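Okay, here's what each chain looks like letter by letter:
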Amino acid sequence: MEKTLLIIKPDAVQRNLIGEIIRRIEAARFKIANIRHLRMAKSVAEDFYAVHRGKPFYDELCNYMSSGPIVPMIVEGEHAVAGIRELIGKTNPAEAHPGTIRYDMAVSLTKNSVHASDSTENAAREVKFFFPREE
Ligand code: CMP
């Protein structure tokens, strides 16, 4: 059993896609182990995406991620990290495969509807970031 962090980003929250995204996660037999609804201050977004500090898209990314409410959640299941990455599709929606969340819903590379941890190490850090009391 593995845990990963998935975030429904501001563009998807704003377009009432929370339910559809959760439906797809559950239909793929994963469990939502915990969930929140919040708006990050820009400084919090900068901390969360600290690995991207210095990259050309960092400022736009942090501005965007603090522009409206997001829905971070812990997703649990067998091979959850790889399984959820497969379900959401490639970072750039133009490269995502049909049937993936990003192919179906994303607007652009920045407004790509969802984020999910890309490794078990990052999953542990990202889960703790939004759910500090989680085991
Ligand atoms: P995410 O999975 O949340 O991780 C970092 C985010 O930066 C990524 O999704 C994209 O939304 C955003 N981003 C913007 N430009 C780029 C880029 N050139 N390469 C990677 N990520 C980018």
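First, a word on what this report is: a plain description of the structure on this page.

Cut-off values and rules
- Residues numbered from 1 in each chain as written.
- Predicted model: local features only at pLDDT ≥ 70, side-chain atom pairs only at ≥ 80, totals over all residues.
- Heavy atoms only, no water.
- Near = heavy atom within 4 Å.
- Polar contact = N/O pair within 3.5 Å; in protein donor to acceptor, adjacent residues only side chain to side chain.
- Areas by Shrake-Rupley, 256 points an atom, 1.4 Å probe, with all protein chains shown as cover.
- 1 Å grid on protein atoms, 1.4 Å probe; cavity = no way out; pocket = protein on both sides within 12 Å on 5 of 7 lines; lining within 4 Å.
- Sits in = over half its atoms within 2 Å of the grid points.
- Pairing = 2+ DSSP bridges.
- Helix = DSSP H or I, 4+ residues; strand = E, 2+ residues; numbered from the N terminus.
- Axes fitted to C-alpha atoms, helices over the stretch in contact; angles between N-to-C directions.
- Core = buried A, V, L, I, M, F, W, Y, C linked by side-chain atoms within 4.5 Å.
- Buried < 20%, exposed > 50% of the residue type's maximum accessible area, 1.4 Å probe, protein only.
- Contact = heavy atoms within 4.5 Å.
- Points joined across faces, edges and corners; volume = space filled by probe spheres on them.
- Nonpolar A, V, L, I, M, F, W, Y, C, P; charged D, E, K, R; others polar.

1. Observations concerning the site of the ligand
Part 1: All residues in the neighbourhood of the ligand are listed as Lys 9, Tyr 49, His 52, Phe 57, Leu 61, Thr 91, Arg 102, Leu 109, Thr 110, Asn 112 and His 115.
Part 2: The backbone of Thr 110 places a nitrogen or oxygen atom 3.5 Å from an oxygen atom of the ligand.
Part 3: A distance of 3.3 Å is found between an oxygen atom of the ligand and a side-chain nitrogen or oxygen belonging to Asn 112.
Part 4: Look at the ligand: alone it shows 450 Å² of surface, and the protein chains cover 78% of it.
Part 5: The site holding the ligand turns out to be the largest pocket.

2. As for the sheet that holds strand β2 (residues 31-35)
Part 1: As summarised here, the arrangement of the four strands in space is β2-β3-β1-β4, forming an open sheet in which the pairing is antiparallel. Both edges of this open sheet fall to β2 and β4 (114-116), since each of them pairs with a single strand only. Each neighbouring strand pair of the sheet contributes to a mean axis angle of 30 degrees, computed without reference to strand direction.
Part 2: In this sheet, β4 lies alongside strand β1 (residues 2-8) in antiparallel orientation, the contact comprising three bridges. Directly across from Ile 7, in β4, lies its bridge partner His 115.

3. Regarding the nonpolar core
Part 1: Core analysis: the largest hydrophobic core is formed by 19 residues, its most contacted members being Leu 6, Ile 8, Ile 21, Ile 25, Met 73 and Ile 84.
Part 2: For this core, the secondary-structure elements that each account for two or more residues are β1, α1 (10-14), α2 (18-27), β3 (71-77), α5 (80-88), α6 (101-105) and β4.
Part 3: Among residues more than four places away in sequence, those in contact with Leu 6 are Ile 21, Ile 25, Val 71, Pro 72, Met 73, Val 75, Ile 84, Ile 88, Val 114, His 115 and Ala 116.
Part 4: In terms of nonpolar packing, the next biggest core, distinct from the first, is built from 17 residues, Leu 5, Met 40, Ile 70 and Val 127 among them.

4. Structural notes on the layout of surface pockets
Part 1: Estimated volume of the largest pocket: approximately 460 Å³.
Part 2: If you go around the largest pocket, you meet 20 residues; those closest to its centre are Tyr 49, His 52, Phe 57, Thr 91 and His 115.
Part 3: At the level of secondary structure, the elements contributing two or more residues to the lining of the largest pocket comprise β4 and α7 (120-130).
Part 4: A per-element tally of the lining of the largest pocket places α7 first, with three residues.
Part 5: When the residues that make up the lining of the largest pocket are grouped by side-chain class, the tally is seven nonpolar, seven polar and six charged.

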